[in-house]
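Understanding the architecture of this molecule
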Amino acid sequence: MSAGYPSLAEAQARDAADPLRGWRDRFVLPEGLIYLDGNSLGALPKATIAAMRDATDRQWGDGLIRSWNDADWIGAPRRIGDKLARLMRAAPGEVIACDSVTVNLYKLMMALLTARTGAGASIILTESGNFPTDLHVAAGVAAQHEMTLDAAPRDQIAARIGPDTALIVLTHVHYKTGERFDMAGLQALADAHNVPLIWDLSHSIGAVPLDLGKDAARFAVGCGYKYLNGGPGAPGFIYVAGEALEFLGSPIQGWMGHAAPFAMTDGYTPAPGIERFLAGTPPMLSLLALESGVDAMLEADGDAVWIKSQACFDFLAQLMATRCPELSPVTPARADLRGSHASFAHPDAWPINRALIDAGVIGDFRTPDILRFGLTPLYLGFADLWHAVDRLAAIIADGRWQRSEYRALSKVT
Ligand SMILES: Cc1ncc(COP(=O)(O)O)c(C=O)c1O
């Protein structure tokens, strides 16, 4: 320790002792760039390049339509779903890889409300400030069912669950603050009121330890392009615990969710398993890229990933507190109360982040005032964090973020 914060030599020593350090070479990362945005778009695994070549050259190019059978394209959503299930400690047959989080959330909400037996309950409960798509889908579904959407502050959610609650939708790790809900506790409360609860695991899977079986979670959706490194716009997933599947039907009765798609019948019979949540033809190139990312996560030691995430968080927090005190920490310091990103508030977070990107550090900004740094233990090291904070401190000290070119908002922030 020097000058009250860890030195670069200390950071390098920690990297040398890191049991996950070999993983970094398995990702494509531009030389000199520090990537702290794996919570938005994960880095490209080198294995995915080979997988994509195989998918295009051999499977599509040579195999053509035969690959639906010969390369088991048709089985990919379920095969990848079973792999995702292992990452969440769910059972085989409880997860299917398909569609976007948005579409999956819609399908699951509609399925649950359609199957609802408790008449009278008319409120869909969620968190105010939840990820916008969750709020928008919930508002749309509420309108379709002539229900009310109650978006409550986090600390009031538990108290709001009652006899009027028809459905709860919560994002396990908050996209902006990084706060994590107590899954087992809230699930038990929802169960006590007999209310289905859907978890959005977009910022959880591949980031924090998940044990859906132990926590008794029964319904979830999640994202493939963040910590799973599945590629831009990668398919998401739906999770439905075994016994619940029997009474749920997808609101989109597509042919791929049919019990026998190639029987080509006029009538619709849902597939007996989780496949009933498929809608149309699976996007094979995207699915195979996702599978490559998921395979890497399965091969990595999940305990080591979470241990390193915590060490990275503490290291970053210490550096930020001493070198960039102008930015206020937002994410809970306690590991069990957060995910794998660290957020800091500053009224000029946008231009500061733009200047930081020009200095070779990609973090991201969330309106109105949040700088968000994703901690991805497979390809991020302690020296990266040290240099990132060093460059941020320099930007704040010399005031270069105040240049006019950093003010203009871009389409994607
Ligand atoms: C919590 C959460 N839910 C949903 C989404 C969006 O999902 P999609 O665009 O795949 O529908 C995001 C994207 O960042 C997210 O953070």
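As shown above, the structure is provided for reference.
What counts and what doesn't
All residue numbers refer to position in the chain's written sequence, counted from 1. pLDDT decides what is reported in this predicted model: residues at 70 or higher carry local features, side-chain atom pairs at 80 or more are listed and counted, and totals for whole chains, interfaces and linings draw on all residues regardless. In computing side-chain properties, one takes all heavy atoms of the structure into account and sets aside hydrogens as well as water. Where helices and strands are cited, they refer to DSSP runs of H or I of at least four residues and of E of at least two residues respectively, numbered from the N terminus. Should any heavy atoms of two residues lie within 4.5 Å, those residues are considered in contact. Note on pairing: two strands pair once DSSP finds at least 2 bridges between them. Throughout, an axis means a line fitted to C-alpha atoms (over the contacting stretch in the case of helices), and angles, computed between N-to-C directions, take values from 0 to 180 degrees. We call a residue near a molecule or strand when any one of its heavy atoms sits within 4 Å of it. Pairs of N or O atoms are called polar contacts if they sit within 3.5 Å, as long as, within protein, a hydrogen donor faces a hydrogen acceptor (for residues adjacent in sequence, only side-chain-to-side-chain pairs). Note that accessible areas follow from Shrake-Rupley with a 1.4 Å probe, and for residues the cover is restricted to the protein chains shown.

**Thoughts on unusual backbone geometry**
The omega angle of the peptide bond from Thr367 to Pro368 is 5°, so this bond is cis rather than trans. Here Pro368 is to be found in the loop between β14 (364-366) and β15 (370-374). Residues other than glycine seldom take positive phi values, yet Asp72 does so here, at roughly 50°. Counting through the fold element by element, Asp72 comes out in the loop between α3 (67-70) and α4 (76-88).

**Examining the side chain of His346**
Relative to the helices and strands, His346 resides in the loop between β12 (341-345) and α12 (349-358). Contact partners of His346, with chain neighbours within four places excluded, come to Glu326, Leu327, Ile352 and Asp369.

**A short note on the sheet that holds β15**
In space, the 4 strands of this open sheet follow the order β11-β12-β15-β14, with antiparallel pairing throughout. Unpaired on one side and paired on the other, β11 (328-329) and β14 mark the two borders of the sheet. Two elements, β14 and β15, share 3 bridges in a ladder whose sense is antiparallel. By the bridge assignment, Arg366 is partnered in β15 with Ile370. Packing against the sheet, helix α11 (residues 302-323) makes contact with β12 and β15, and its axis sits at approximately 20° to β12.

**Brief notes about the site of the ligand**
Lining the immediate surroundings of the ligand are 13 residues, of which Thr102, Asp200, His203, Tyr225 and Lys226 lie closest. The side chain of His203 places a nitrogen or oxygen atom 2.9 Å from an oxygen atom of the ligand. For the ligand, an oxygen atom lies 2.5 Å from a polar atom in the side chain of Lys226. Considering the ligand on its own, with 400 Å² of exposed area, one finds that the protein chains cover 86% of that surface.

**Structural notes on the sheet that holds strand β6 (residues 148-152)**
Within the open sheet, the 7 strands sit side by side as β4-β10-β9-β8-β7-β5-β6. Their pairing is mixed. Edge positions in the open sheet fall to β4 (95-98) and β6, since each of these has one partner strand only. Within this sheet the neighbouring strands show an average axis-to-axis angle of 20°, counted without direction. Sheet analysis places β4 next to strand β10 (residues 236-240), joined by 4 bridges and oriented antiparallel. Bridge pairing in β10 links Val95 to Tyr239. Against the sheet, helix α5 (residues 101-115) engages β4, β5 (123-127), β7 (165-171), β8 (197-200), β9 (219-222) and β10, with an angle of about 165° to β9. Helix α8 (residues 183-192) rests against β7 and β8 of the sheet, and its axis sits at about 160° to β8.

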